[in-house]
Amino acid sequence: MKLKPFLIELAILIASVLLIRLLVIFFGKAQFDINLHDTYVVSSGSIISLPVFLLIFIVYIIKEAFYRYKRRLQNIVLLIALFFINMELSKFIGSLAKMSKTVSQFKGWTIYPPLSALPSHQPTVIPPQPDPFSHISEIFFYMQIFFLALLVILAIVTGKNWNTDKNGS
């Protein structure tokens, strides 16, 4: 590969990372935090890597569609971005599963004074609330399956086009 296309691709990657970092600096923080009634859940700052890989993936999937995925280096960058998206989604699904387990162990609220102490009323049973994280983790699970299928498809296309251009451009 010639030096100029390599430098252009490197500039696109660096610009993607810097764009996400600047957005985090100006509009938010690199942490994911949830306030649940009496529990405050905070994740690490590594969650910011998911938008970086998503931006790189979106830029390269659109850019390489015009070239019909025949360029090696760009396809490898695309495959690596998809791989890391799947890794970050796995970590995120794991943290949602831990939060779901914590929420499912919660037995409910106690209402003071207890309604059973009142003479004219029957005790009111509060039904258990559905787990709020089960649907979210299912959505991320299916997103991960979609990205894995896309990773396999792009790997096959890259493999088919690997030896078609002998110049390496």
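Look up a bit, the structure's there.
All of these numbers come straight from a predicted model, not from anything done at the bench. (Residues numbered from 1 in each chain as written. Predicted model: local features only at pLDDT ≥ 70, side-chain atom pairs only at ≥ 80, totals over all residues. Heavy atoms only, no water.)

Caption draft 1: Expanded view of the environment of Val 52. Mapped onto the elements of the fold, Val 52 is located in helix α2 (residues 49–65). Of the residues examined, Val 52 reaches a relative accessible area of 7% and is grouped as buried. Taking C-alpha positions, Val 52 is 8.9 Å from Ala 81, a pair spaced 29 residues apart along the chain. Those residues in contact with Val 52 that sit more than four places away from it in its chain are Val 17 and Ile 20. (Helix = DSSP H or I, 4+ residues; strand = E, 2+ residues; numbered from the N terminus. Buried < 20%, exposed > 50% of the residue type's maximum accessible area, 1.4 Å probe, protein only. Contact = heavy atoms within 4.5 Å.)

Caption draft 2: Structural view of the pattern of salt bridges. If you walk through the whole model with that rule in mind, you get three salt bridges. Lys 63 serves as the salt-bridge partner of Glu 9, at 2.7 Å between the closest nitrogen and oxygen. Taken together, the residues span a long stretch of sequence, with Glu 9 in helix α1 (residues 3–27) and Lys 63 in helix α2 at a distance of 54 residues. A salt bridge links Glu 88 to Lys 91; the shortest N-O distance between them is 3.2 Å. Here the residue Glu 88 and the residue Lys 91 both occupy positions in helix α3 (residues 72–104), the gap between them amounting to three residues, near one helical turn. Judged by relative accessible area, Glu 88 falls into the buried class, the value being 11%. (Salt bridge = Lys/Arg side-chain N within 4 Å of Asp/Glu carboxyl O.)

Caption draft 3: Quick peek at the packing of aromatic side chains. Within the structure shown, the criterion is met by five aromatic pairs. Look at Phe 53 and Phe 84: their rings are 5.0 Å apart centre to centre, the planes differ by 15°, and that puts the pair in the stacked class. Here the residue Phe 53 occupies a position in helix α2, and Phe 84 occupies one in helix α3, the gap between them amounting to 31 residues. With a relative accessible area of 34%, Phe 84 lands in the partly exposed category. An angle of 90° between the planes, with centres 5.8 Å apart, marks the rings of Phe 57 and Phe 147 as edge-to-face. (Phe/Tyr/Trp six-rings, centres within 6.5 Å; stacked < 30°, edge-to-face > 60°.)

From the geometry alone we can't say anything about function, so treat these as descriptive.
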